[in-house]
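# Coordinate inspection notes
What follows is the residue order along each chain.
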Amino acid sequence: MTTLKSKLQEDLNAAIRGRDELRSSTLRLTLTAITKEEVAGTSKRELSDDEVLKVITKEAKKRREAADAFAQGGRAESAEREKAEGELLATYLPKQLSDEELDDIVGQAVQEAKAAGAEGPRAMGAVMKIVNPKVAGLAEGGRVAAVVKKLLAG
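Fair warning: this is a prediction, and the values are worked out from it, not measured in the lab. (Residues numbered from 1 in each chain as written. Predicted model: local features only at pLDDT ≥ 70, side-chain atom pairs only at ≥ 80, totals over all residues. Heavy atoms only, no water.)

## Points about helix H1 (residues 4–17)
Spanning 14 residues, H1 covers 20 Å between terminal C-alpha atoms, matching the ideal 20 Å at 1.5 Å per step. When we look at burial in H1, the residues that qualify are Leu-4, Lys-5, Leu-8, Asp-11, Leu-12 and Ala-15. Along H1, the residues classed as buried sweep out an arc of 120° about the axis, all on the same side. Among the structural elements, helix H2 (21–38) and helix H3 (49–72) are those in contact with the buried residues of H1. Arg-19, located one to two residues past H1, shows a positive phi value of around 55°. (Helix = DSSP H or I, 4+ residues; strand = E, 2+ residues; numbered from the N terminus. Expected span 1.5 Å × (residues − 1). Buried < 20%, exposed > 50% of the residue type's maximum accessible area, 1.4 Å probe, protein only. Arc of directions from axis to C-beta. Contact = heavy atoms within 4.5 Å.)

## Things to note about the environment of Ala-126
Within the secondary structure, Ala-126 is located in helix H6 (residues 120–135). Apart from the residues lying within four places of it in its own chain, the contact partners of Ala-126 are Ala-113 and Ala-118.

## With respect to the layout of surface pockets
Unoccupied space between atoms shows up once a probe the size of one water molecule is rolled over them. Here the largest pocket is characterised by a volume of approximately 570 Å³. Forming the walls of the largest pocket are 20 residues, and the residues nearest its centre are Thr-57, Gln-96, Gly-137, Ala-139 and Glu-140. At the level of secondary structure, the elements contributing two or more residues to the lining of the largest pocket comprise H3, helix H4 (76–90), H6 and helix H7 (141–153). A per-element tally of the lining of the largest pocket places H3 first, with seven residues. (1 Å grid on protein atoms, 1.4 Å probe; cavity = no way out; pocket = protein on both sides within 12 Å on 5 of 7 lines; lining within 4 Å. Points joined across faces, edges and corners; volume = space filled by probe spheres on them.)

## A word on the nonpolar core
Within the largest apolar cluster, 19 residues are counted, with the highest numbers of intra-cluster contacts made by Leu-102, Val-106, Val-127, Val-131, Val-135 and Val-144. Contributing elements (two or more residues each) for this core: helix H5 (99–115), H6 and H7. Ignoring anything within four residues of it in the chain, the contact list for Val-144 reads Leu-102, Met-128, Val-131, Asn-132, Val-135 and Ala-139. (Core = buried A, V, L, I, M, F, W, Y, C linked by side-chain atoms within 4.5 Å.)

## Observations regarding the packing of H3 against H4
Relative to each other, H3 and H4 sit at 160°, their axes nearing to 8 Å. Compared by their axis directions, H3 and H4 come out roughly antiparallel. For the crossing formed where H3 meets H4, the hand is left-handed. Of H4, the residues touching H3 (which contributes Ile-56, Glu-59, Ala-60, Arg-63, Ala-66, Ala-67, Phe-70 and Ala-71) are Ser-78, Ala-79, Glu-82, Lys-83, Glu-85, Gly-86 and Leu-89. Classifying every residue of the contact of H3 with H4 gives eight nonpolar, two polar and five charged. (Axes fitted to C-alpha atoms, helices over the stretch in contact; angles between N-to-C directions. Parallel < 35°, antiparallel > 145°, perpendicular 65-115°, else oblique. Left-handed = near helix turned anticlockwise from the far one by under 90°. Nonpolar A, V, L, I, M, F, W, Y, C, P; charged D, E, K, R; others polar.)

Okay, here's the thing in structure tokens:
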């Protein structure tokens, strides 16, 4: 069975052979981030595919944030580059939930939390506890929190 890390490595090699600069530099940086994570603890270890996905998610998020920052700073070319890198990394991640799917999951969690007696500001934490395991890796935390706030306010 191929691990996600070895797939990234194979894709990097193919990108280098194909002279695909964007893909090769993005994958190289991502593999470096994975390696850094592997040696971060007290002993070196192999990351599981789930842990590799977390690293890729973090890297993709960094690219999106950098793209926004560059766009606001009027640096369109840099923004485009970051955006392209983020989109490339997204191809390795599970498909993200649509807004409707996320609304449904959060809506059910809000009902559950209210049924369990969670009201007002405390309800936010209760709802997040129910929602997070269901959407792990399928929706970004900030996006989830925004939907939770919206539905609790409604």
